[in-house]
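# Examination of the molecular architecture
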Amino acid sequence: MKIKKIFIFVLALFIFGGLAACGQTTTEETTAAPTTEAPTTVEGDTTAAPTTVQDTTVAPTTAAPTTEAPTTEEPVVYGIPMPATGFYMTNADIIQLPDTSRILVYTTNIESGEEENVIAIREGALTVGEGYVYDDEAIVITGSEDGWDQYLGSASIVQGVFVYDSVTYSYLMAYAGTESINDNAFSIGFAVSNDPSGTWVKVGDAPIVEYDGTIYGETYSGYYAPSLVNLDQESIVRLFFTWGDAYGHFTYFVDIDASALDTIDMSGFAMVPNNGNLSSGDDVTMVPNGDFAYCATSGYFYMVKDYSPTASQEPKVATRIELAKIMENELYIAPNPNGWESIRVYDFEDTPDYAYERLYSGTIVTDEFGHLLSETAIEIVYNVSELEADNQYYLYSQHLETFLFEEE
Amino acid sequence: MKSRTVRFRFVLTLVMFLSIAVTLAFTSVFALGLSEDYPFKTGDDAFVNGVTWTGPTEQADYWQFFQASFDEATVDLSSATHLAVQIRMDVGSPGLTYGLLENGDRYATAGAPDDTNECFFVAEDGTVSSIGNINFGALWLTEGTQGMLLLPMASLAWQWNNNSSDLTSVSSFYITTNSQYNWAWQVTIGEIGFYTGNPEVDGTYTSLLDLKAQPKTDKYYYDSQTTTSLDLVKPVYPYSNLDTAFNGGVNWTNTLTEASAADTWQTLFVNFKNNVDLTDAKYIGIQYSGNLGSPGITYGIESGNTRYATVSDGKPVYMMDETGLISGLDDVLYGAVNIPQDNTGVLLIPIETLVYQFGDVGNTLATAKNIVLTTNSKYNFNWSVIVGGVGFYNGDIGDEGTVYTPIEIDYYYNAIPADCTMETINVNHYPFDTDLYAFNGGQLWTGPTEVSAADTWETMFVNFNGTYDLTSAEYLVVQYEGNLGAPGITWGIESGDARYATMVDGNSIYFMDEVTGEIEEVTQTLYASVSTPQDKKGALIIPMSAFTYQFGDAGNTLATAKNIVLTTNSKYNFNWALSVGGIGYYDGEIGAEGTTYTSIDVDYFFNAGVNCQMETINYQEWSMAETLVYPYRTGELAFENGKTWVAPATASEADDWQTMTVSFDEATVDFTNASYLAIQFDNTIGNPGLTIGLTSGTGRYSIAGVADGEAIYGVNELGDITTACNVLFSAATTSVHEGMLLIPMSAMDWQWNPDSNTLATVSNLVITTNRKYNYNYQVTIGEIGYYTGEIGEEGTTFTKILDLSIDKSDKFALSGDVTNEATFINPIERRVYGDTFINVTGTGKSSDNFGIWSGGSYGSVAMTTDTYGDTAMQFQATGSNPAGDAYTAIDLSPGGFSWANAEGITFWARNDSDGEVSFNFEVDCKIEASGISDRFNIQQGHRYYLYDVNTGLTYIYMTKPTVNLPVGFEGWIRIPFEAFERAAWSVNGVTKDDFMTEGTIVSYLAITIHSPSYTNMAFSLNKIGSYTIVPQFISPFLEPSESRKTILDLMDLALD
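All figures in this text were calculated on a predicted structure; none of them were measured in a lab.

Reading the values: the criteria
- Residues numbered from 1 in each chain as written.
- Chains lettered and ligands numbered in written order.
- Predicted model: local features only at pLDDT ≥ 70, side-chain atom pairs only at ≥ 80, totals over all residues.
- Heavy atoms only, no water.
- Helix = DSSP H or I, 4+ residues; strand = E, 2+ residues; numbered from the N terminus.
- Contact = heavy atoms within 4.5 Å.
- Buried < 20%, exposed > 50% of the residue type's maximum accessible area, 1.4 Å probe, protein only.
- Pairing = 2+ DSSP bridges.
- Salt bridge = Lys/Arg side-chain N within 4 Å of Asp/Glu carboxyl O.
- 1 Å grid on protein atoms, 1.4 Å probe; cavity = no way out; pocket = protein on both sides within 12 Å on 5 of 7 lines; lining within 4 Å.
- Points joined across faces, edges and corners; volume = space filled by probe spheres on them.
- Nonpolar A, V, L, I, M, F, W, Y, C, P; charged D, E, K, R; others polar.
- Axes fitted to C-alpha atoms, helices over the stretch in contact; angles between N-to-C directions.
- pLDDT = per-residue confidence, 0-100.
- Polar contact = N/O pair within 3.5 Å; in protein donor to acceptor, adjacent residues only side chain to side chain.

Time to look at the overall build of chain B. Scanning chain B for helices and strands turns up two helices and 76 strands. Taking the intrachain contacts of chain B between residues at least 6 apart in sequence as the baseline, contacts between residues at least 24 apart amount to 79%.

The structure is reproduced here in structure tokens:
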């Protein structure tokens, strides 16, 4: 059995210092500019080793299943369900279909007390006045035995028209996977389906956006946190993802014509701006673990992202998430004049009963194409986790909660 | 001992009256005299005209002797009750014997029995105190005592009286002391007199030696003249004694060689700016120097229509020489004063000597309007005198309260110019230029407009070109202008790591006016700083003695001074501006014979003030139009058929003159009427200093034929005219790109012309430069022409004399007098790519053209070709230097071009390795106005474009903090200037806000590679320049359009 680990990104930077100066060689002697002595030393690389989580070798104690038939009818649970004991739910993505039903995609563990990630889906139906009731969990993507995606990260889905191997599909999933048992060097691949809770077909046997660990480093996160937006509501999708390497965690995107997934037409990478008034504790503002939604009407892209830097105690994840927006055109030019407009930062005071110091991996509930449902009422689903200091099995305390941002 | 304050003028109490008969009973309890004031001058200068007698410094068995004779040969002191001696005990408290001499006999304290006879002292405020009884024949005064020694005659006695003297014929006062017991003392003796009667009651003072008006040096004798000295106490001369002292005055010269036939009154009026009240004047002072002859001049003062003048014979007049020595002149005779030739000083005319001459008697001296000098050339001719300032003393010179008040002069007027000339004196030692360009090359240093919250030291360094030995300097001189405010500047001089600065308060600082050359004390150091008033313009003169050790190795003397340093604290000094130009020093008193001025060659100014700005002063008087109709081709083919002069990459050890000649379409051209030579010109790489001339026969008409400083103009293709440079060392070093050099014919002259050739037969343009100093450059020359007339004026013509519409390679030639390694290339390479202008290419270069920093890691440069077949540069780091920096640093260009107002830097690049390779740009941005530059490089977290010519994909990557070339990348990169930040160690004052803005140029360009990370990972660069339009990212969703232009579109790359 493959042992999976909670995904933790590492913030390590190479800091390149001041660079050396050289003398001018073709200067008129009598008019030479002053020669200023350049520094003779440059700060060396400060490469932090990736922080890995100690393997949990002791399975949590689980109660034996009750063999007696229930004596009373189970109550209806509205809202995002809690994971069962020994399970976690992380890195959600939710699209809402035109009939108001929702598809919740998330990462979970396949067995209680283990850490082997799988991608699961629950479909939810709305009961007006009560909320969503989600179906049972369907495991839709598992790691391959010997491919690039032996270990899985998070996933994102959109609806559209996608042809692969001569079959037209209506759902496209982007998911992160890696060959690394340490959950490093993720790449991002595609899968397609016509039944979200049913069968998903992985597109090819190679990632769509491949992280080359030999170039960028095997010990870094690579490309992770995929977030899909179907730009034209047909087949042109934008894949946002976080690029984590020695220089930090920044978000990029590629545009893909996914109408014919056997011959993908993909753009070059474009880094998402990191300027504006985003909250940051870094020297250079990072944009990690972002989830995106598009509002074609207003021309804005919305984003919910993790705050950086992350906590120094386990779980080493974010302690805040931030909702922000940016004018679409600013994504395409450099320098971009305004950057992100922060809408709101959420921290532990916003969690239920102030209970969670860790909140991270937010996602914006969008329509089926990844477009924003409303600019005045934005629902955000996010992760919380207990602290290791309070619960040694904190990994299994990870579950999903919801914020509703309403413009005042 | 009792004492109390006694004022002679007022009666406070009458304690007792003792007649001379009971003088021995004279006690310390004095009564107060009504009869007279304190008879001597008082105050710090009370002993002016007296003498200071300085005793031996060591013990010696010798009786020292001092004698002061009286004004009269002998005086009857038989009725005197008290001898009064003005005395000041300067050093020590010696026991001195005081006495009177008569016929060699001595009536003195030495004749008195011990501890019996009391003597007294009267302070200048009238305090009378006993100094005790005479002992050992002597009296002791406390050091510092100043006043009147009052010796009761009855307390003295005959020491010896061999001639039966009886005090009726006393000739002198004397002092003796035995230096076996008294040495290392100094005493000053002023006036001497005596009282008849009780000084406090009704005593009458009579002067024996009157020094009120002048000293009387012939009255003194002292012995030993080897172990003691006697020095005259002089007043302070009220004017400068330098040769500039008479500046502003006039030299009044009678040019007649024969006497006038009849009475002819030559007159010089010294007219006051305002009426002056001279009613309290005691002496009128006239600064005077007799150059030739000794004319008898009547001096007068006019008030309204009334004149008071020296028309009364027998009246005294005096002359104070430049040392302060006052001497009596001959009394007024024939209504005139004769001052001997060569006398220089201040004529002192007692106010009583000026008597009413004519006019309304009601006009008093309360409204004096001028001084009038008259002389009759019937008797006085062929003379020359200098008259400078005038003023007046309001009392006895030296007395407390007496000051010399200069009178402000409006103008001098010479009444009969036919016989007398009048020339204004203006001896000027001002060491700097005074014209409009005087401060050019200096810096305007501007302080912050807001006060700093905490101590913030703003500093400007003026670095010398080498070191200077200032140990023999007397004054440091700084060309200075106070543009705004009067900031307190601490001036320092650095030698090695030691700094000497104006740290001690109270030192006088001087200023020499730029116009008049006059020197004045401008301020004194306070809080270790010098506050020079606003609007002062000239030479700030700081005595070297004002520089004291501040910090550093004190072993570093001023023998190796390397700079001067201006510091000020913006917590206290803000909203100010000052200009600093030239620097130099005097090795003696300014204007004194033998004093020389040495100019210090300034290398560069450096502004280390975090809140200050520094701007190079470069005043130009624009004399031509600001624009012209550009006469040559423009755009990408502007230089077609021209030639690019590719210089060798390395310097020569010795002089090696490289020459480019360009002949014209005609064999010779007539430049006789030419006003400007116009050369289509481009500093393709570098900014060499070029000597530009025209050849005519064997002669050369060149910018080397005139003194440095002439302006050479540059014209861009829009026709905008700017000053490209001022000729320096006979060379023009410009930053002209894609334009034209416009050289005034007046800025050239015959450098040599052995056969007297004329400008009518100019055969070619000749450009020379010395490879010893100028190398690794490329200069492109295109068409040539000349203008007649002034640019912009009607009738101006332009004549093209080399038309390059067709190939005329035979017109161009290169040569070197030692080496011949320079080459020509054709300037056909594309420089303009749509919105992009290319500044740096590999064309014409070899690996020798690229310096690799020896202090860094190892690297190599090779030449390759780019996508378009043009010569490109291939770089790679080849290993770490264990003793050096981790980065390989490679020079690309010395700059000299502007990226002002562009959006960013762009270049072609190719990753020739199998991994992603990164490098950074090192860009020096220089503010042309101030001359300061700072290093900028790419910092992390910014977005930049890549356009791959093979895939057609556009990327927006992040700087990390370098330019990253993905594996297999080949194409164009655009890095917004926003991605550049100033290097942390580069703090000269160019800020991010200044970066590549108007008025800046790139003054250095290099790349750096982190050698440990990218060893042997080659990449190629070429066509480095700037772009002006921000491109758009393209994708399957973002198709190119008119409003969404890609790099491909913006650069018109389809042309290639």
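Moving on, there is more to tell.
This paragraph deals with the pairing of strand 71 (residues 954–958) of chain B. All names here are of chain B. Among the five residues of strand 71, five are classified as buried, and the element is accordingly described as predominantly covered. Burial along strand 71 is two-sided: Thr954, Ile956 and Met958 and Tyr955 and Tyr957, pointing in opposite directions, are all buried. In the sheet, strand 70 (residues 943–948) pairs with strand 71 via five bridges, with the strands oriented antiparallel. Counted as the bridge partner of Tyr947 is Thr954 from strand 71. Count of turn residues in the strand 70/strand 71 antiparallel hairpin: five residues, of which Gly952 carries a positive phi of about 75 degrees.

Let us now look at the pattern of salt bridges. All names here are of chain B. Counted according to the given criterion, the structure contains 29 salt bridges over all chains. For the salt bridge of Arg88 with Asp90, the shortest nitrogen-to-oxygen distance reads 2.5 Å. Using a relative accessible area of 18% as the deciding quantity, one classes Arg88 as buried. Judged by relative accessible area, which is 21%, Asp90 ranks as partly exposed. Note that Asp870 is salt-bridged to Lys1023, the shortest N-O span being 2.7 Å. Pair noted here: Asp870 is in the loop between strand 64 (858–865) and strand 65 (871–879) and Lys1023 is in strand 76 (residues 1019–1027), with a separation of 153 residues, a long-range link. Three or more residues are tied together by salt bridges with common partners; here these are Arg633, Glu783 and Lys800.

Another point: empty space enclosed by the protein. Residues and elements named next belong to chain B. By the definition in use, this model includes 11 cavities of 30 Å³ or more. Within this model, the largest cavity holds a volume of roughly 230 Å³. Along the walls of the largest cavity sit 21 residues, with Thr644, Thr684, Pro827, Glu829 and Arg831 positioned nearest its centre. Secondary structure elements with two or more residues in the lining of the largest cavity: strand 49 (674–685) and strand 58 (778–788). For the lining of the largest cavity, the element with the highest residue contribution is strand 49, accounting for three residues. Of the residues in the lining of the largest cavity, the class split is seven nonpolar, nine polar and five charged.

All names here are of chain A. Taken in spatial order, the four strands of this open sheet run 15-16-17-18, and their pairing is antiparallel. Two strands in the sheet have a free side with no partner beyond their single neighbour: strand 15 (291–295) and strand 18 (341–346). Neighbour-to-neighbour, the strand axes of the sheet open up by a mean angle of 15 degrees, direction not taken into account. The pairing of strand 17 (residues 321–327) with strand 18 spans five bridges and is antiparallel. Looking across to strand 18, one finds that Lys325 is bridged to Glu341.

In regions of low pLDDT, the predicted coordinates are not meant to be interpreted in detail. Residues and elements named next belong to chain B. Mean pLDDT over chain B: 90, with 96% of residues reaching 70 or higher. Below pLDDT 50 for its whole length, residues 1–35 participates in 94 contacts with residues either more than four positions away or in separate chains. The ipTM for the predicted assembly is 0.82, set against a pTM of 0.54.

Once that is clear, we can look at unusual backbone geometry. Glycine aside, negative phi is the norm for most residues, and most peptide bonds take the trans geometry. In this structure, the amide linkage connecting Ala334(A) to the following residue, Pro335(A), adopts the cis form with an omega of -5 degrees. On the secondary structure map, Pro335(A) appears in the loop between strand 17 and strand 18. Cis geometry is adopted by the peptide bond preceding Ser224(B), which originates at Asp223(B) and carries an omega value of 15 degrees. Within the chain, Asn575(B) stands out as a residue other than glycine whose phi angle is a positive 55 degrees.

So, on to the layout of surface pockets. Residue and element names in this part refer to chain B. The computed volume of the second largest pocket comes to approximately 680 Å³. As for the second largest pocket, its lining consists of 28 residues, of which Tyr239, Ser240, Ala245, Glu518 and Ile519 are closest to the centre. Contributing elements (two or more residues each) for the lining of the second largest pocket: strand 28 (384–393), strand 29 (404–407), strand 30 (409–414) and strand 38 (519–524). Looking at the lining of the second largest pocket residue by residue, the classes come out as 15 nonpolar, nine polar and four charged.

Attention now moves to the side chain of Asp924(B). All names here are of chain B. Following the sequence through the fold, Asp924 ends up in strand 68 (residues 917–927). We classify Asp924 as buried; its relative accessible area is 12%. Engagement of the side chain of Asp924 in a polar contact is seen with the side chain of Arg935, the distance being 2.3 Å. Setting aside residues no more than four positions away along its own chain, Asp924 makes contact with Asp934, Arg935, Ile1001, Val1002, Ser1003 and Tyr1004.

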